[in-house]
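# Architecture at a glance
Here is how the chains run, residue by residue.
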Amino acid sequence: MKSGFVAVVGKPNSGKSTLINALIGRKISIVSEKPQTTRFKLRGILTLPEAQIVFVDTPGFHQPKDALGQYLNSQVTGTIKEVDLVLFLVDASSEITDEDRQLADEIKKSNLPCLVVLTKKDLCLEEQIEEARKSVEQMLTPNDWISLSAVEREGLDELILKIISFLPEGPALYPEDMVTDYPLTIQAAEIVREKVLTHTYQEVPHSVAVEILRIEERPEKNLLEIYAEIYVEKDSQKKIVIGKEGSMIKKIGTEARQELEFLTGKKIFLDLHVKVKEKWREKESFVKKIYRS
Ligand SMILES: Nc1nc2c(ncn2[C@@H]2O[C@H](COP(=O)(O)OP(=O)(O)OP(=O)(O)O)[C@@H](O)[C@H]2O)c(=O)[nH]1
Ligand SMILES: [Mg+2]
């Protein structure tokens, strides 16, 4: 048996969360077409007969603009230090940028084995993959390479075999039926945030944070009551999230409730409030309060 931790790192939107969800076959981490979707260091666990792989999803590595950005980057660099293997995801369908280069430097500093994953192959011509590969070769010399498409599930089995070859011998680290180790409070907050991200644009998705205030169990009714606060930074954003006559918050609430019911197998009562917290992304103490993990 082999087992170990694998950091999944890459710039925002490179496809980290999509890949982890595809490998585990369940939605571990929320996904959106907007950059900087992931804010937590989330673990997804894949148990096979011959190995247990613990993937650590991370926020997209980027040029930080505020306390939130600094915190997210620190989650990436912190994760790189505490794993057995680094998967460096590079979106082959878009330009290589300084963010890729800076992340490559961080990976080199770690001295850990690195497997480069060129993502979104379904969107690329063969030449683009070759070009991406050449650009990455100028940044670092990885231990191995793969190009794949998480959306089309192409290359996933090969990736798993390659990952296992880097892992040390060892027993399973988590129970074999466990796919993630993060608590329902975080899962629920992320699901609500995903619904907000799906339905809002421009600055709003970046300005939203969700905090679960409390969860109350009503076992006699097979019911969970979830009370959540949605934080935004401005009154105008609050209006958008609530929508005309509450239509938007109702839509967000309905979609989140359905997903939470599917996830837990219980009836869900979801209470959502929207609150303005001016410039929360610039306030380190607030960021730490919400995103401590
Ligand atoms: N066509 C295609 N799109 C993909 C693929 N993988 C991811 N995407 C899309 O790329 C976008 C970003 O995917 P995410 O998985 O959220 O990316 P991420 O790296 O986790 O992003 P952050 O959490 O913001 O750092 C989404 O719209 C995905 O649907 C792929 O293999 N093919
Ligand atoms: Mg992500």
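Rules of the game
Residues numbered from 1 in each chain as written. Chains lettered and ligands numbered in written order. Predicted model: local features only at pLDDT ≥ 70, side-chain atom pairs only at ≥ 80, totals over all residues. Heavy atoms only, no water. Disulfide = S-S within 2.5 Å. Buried < 20%, exposed > 50% of the residue type's maximum accessible area, 1.4 Å probe, protein only. Helix = DSSP H or I, 4+ residues; strand = E, 2+ residues; numbered from the N terminus. Expected span 1.5 Å × (residues − 1). Arc of directions from axis to C-beta. Contact = heavy atoms within 4.5 Å. Domains from an automatic or database assignment. Salt bridge = Lys/Arg side-chain N within 4 Å of Asp/Glu carboxyl O. Polar contact = N/O pair within 3.5 Å; in protein donor to acceptor, adjacent residues only side chain to side chain. Nonpolar A, V, L, I, M, F, W, Y, C, P; charged D, E, K, R; others polar.

## Examining the state of the cysteines
Counted under the stated rule, the structure contains 0 disulfides. Here C114 stays unpaired: no disulfide links it, and the sulfur of C124, its closest cysteine neighbor, is 19 Å away. When its relative accessible area of 3% is taken as the criterion, C114 is described as buried. Residue classification places C124 among the buried positions, given a relative accessible area of 16%.

## Points about helix 4 (residues 126–139)
With 14 residues, helix 4 extends 21 Å from end C-alpha to end C-alpha; this agrees with the ideal 20 Å at 1.5 Å per step. Listed as buried for helix 4 are I129, A132, V136 and M139. Each buried residue of helix 4 lies within a common arc of 70° when the element is viewed along its axis, so the set occupies one face. Exposed and facing more than 90 degrees away from the buried side of helix 4 are E126, E127, E131, K134 and Q138. Buried positions along helix 4 lie against strand 4 (85–91), helix 3 (98–110), strand 5 (114–119) and strand 6 (144–147).

## Quick look at the domain arrangement of the protein chain
Accessible area lost upon the coming together of the parts serves often as the stated size of an interface. What the domain assignment lists for the protein chain is domain 1 (2–166) and domain 2 (184–291). Taking only C-alpha atoms into account, the centre of domain 1 sits 27 Å from that of domain 2. Each partner contributes residues to the interface: domain 1 has 17 residues there, and domain 2 has 26 residues. Viewed at the interface, domain 2 and domain 1 are joined by 2 salt bridges. Ionic pairing is found between E259 and K27, a salt bridge with its closest N-O pair at 2.8 Å. For the pair domain 1 and domain 2, the interface holds 12 residue pairs in polar contact (both at pLDDT 80 or more). No other element matches helix 2 (residues 67–81), which puts 3 residues into the side of domain 1 that touches domain 2. Grouping the amino acids of the side of domain 1 that touches domain 2 by side-chain chemistry returns 8 nonpolar, 4 polar and 5 charged.

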